[in-house]
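Inside the fold
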Amino acid sequence: RPFGGVPHDIFAMREGDGLVAGSIVSYRFVSHGGHVSPVGIMTGSWTDPELRGRGTFSAMIEHSADLARDKGAVALLAFVTADNASRRRLEAAGSTMIPAWYLSSPASTGDEWSDVPDIDEALRSLDAARSGGDLVRFAYPSIDDLRGQLVNRSADVQVVASPAGEIAVVERAAGTLRVLTSTDPYCRPWLPG
């Protein structure tokens, strides 16, 4: 889905008559110190396992960077695990590695948190809590963009409030609860989004 009016780029690489690799470059905004800048994000990248080790992913990184640059992005981001082969290729291509994490817990029932009555109001509170300071964060031009990123996901997502008034967006996936973002500074991921 487009973000901020900028459609994502989808591309694939062919060898002969078959597809051997592909990726998507999605576009978002990041905010730091009051400045908002466009960025590209490598998303859903894949390579045919039988054709790995031939420089295909390195070529995709370069092509993704070119696409992002052509759309005015100041950086190309990718999210990978520390032990992923893609991480090693990104690092070799000159990427800066920045640790990020999800706060997660085994899924349970009977938690004290409850659904919020007005999701848009809760999202505005979350966005206000995330703004300012030295935190690098994703920035959303509208409440619809924020809702699209945090709530309208393929997994089960709830916007909840604690008895103390804190708000969180929680995703249930693979038997865990992930806090995607929260107004509570103690459980707010470093790069919410």
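Look up: the structure comes first, before these words.
In this text, all values refer to a predicted model and were calculated from it rather than measured experimentally. (Residues numbered from 1 in each chain as written. Predicted model: local features only at pLDDT ≥ 70, side-chain atom pairs only at ≥ 80, totals over all residues. Heavy atoms only, no water.)

Structural notes on the overall build of the chain
Across its full length, the chain holds four helices and ten strands. Ordered by position from the N terminus, the helices and strands of the chain form the series β-β-β-α-β-α-β-β-α-β-α-β-β-β. For the chain, the proportion of its 193 residues judged to be buried stands at 34%. In the chain, of all internal contacts separated by at least 6 residues, the share reaching a separation of at least 24 is 56%. In the form shown here, the chain has an accessible surface area of approximately 11,100 Å², with 52% of it arising from carbon and sulfur atoms. (Helix = DSSP H or I, 4+ residues; strand = E, 2+ residues; numbered from the N terminus. Buried < 20%, exposed > 50% of the residue type's maximum accessible area, 1.4 Å probe, protein only. Contact = heavy atoms within 4.5 Å. Areas by Shrake-Rupley, 256 points an atom, 1.4 Å probe, with all protein chains shown as cover.)

Quick notes on the nonpolar core
Core analysis: the biggest nonpolar cluster contains 19 residues, and Leu123, Leu150, Val159 and Val169 have the highest contact counts within it. By size, the runner-up hydrophobic cluster in this structure holds 14 residues, among which are Tyr27, Ile61, Ala68 and Ala73. (Core = buried A, V, L, I, M, F, W, Y, C linked by side-chain atoms within 4.5 Å.)

Things to note about the side chain of threonine 47
Its location among the elements puts threonine 47 in strand S3 (residues 35-47). Exposure remark for threonine 47: the relative accessible area of 11% places this residue in the buried category. Excluding its chain neighbours within four sequence positions, the residues that come into contact with threonine 47 are Val20, Ala21, Arg52, Thr56, Phe57 and Met60.

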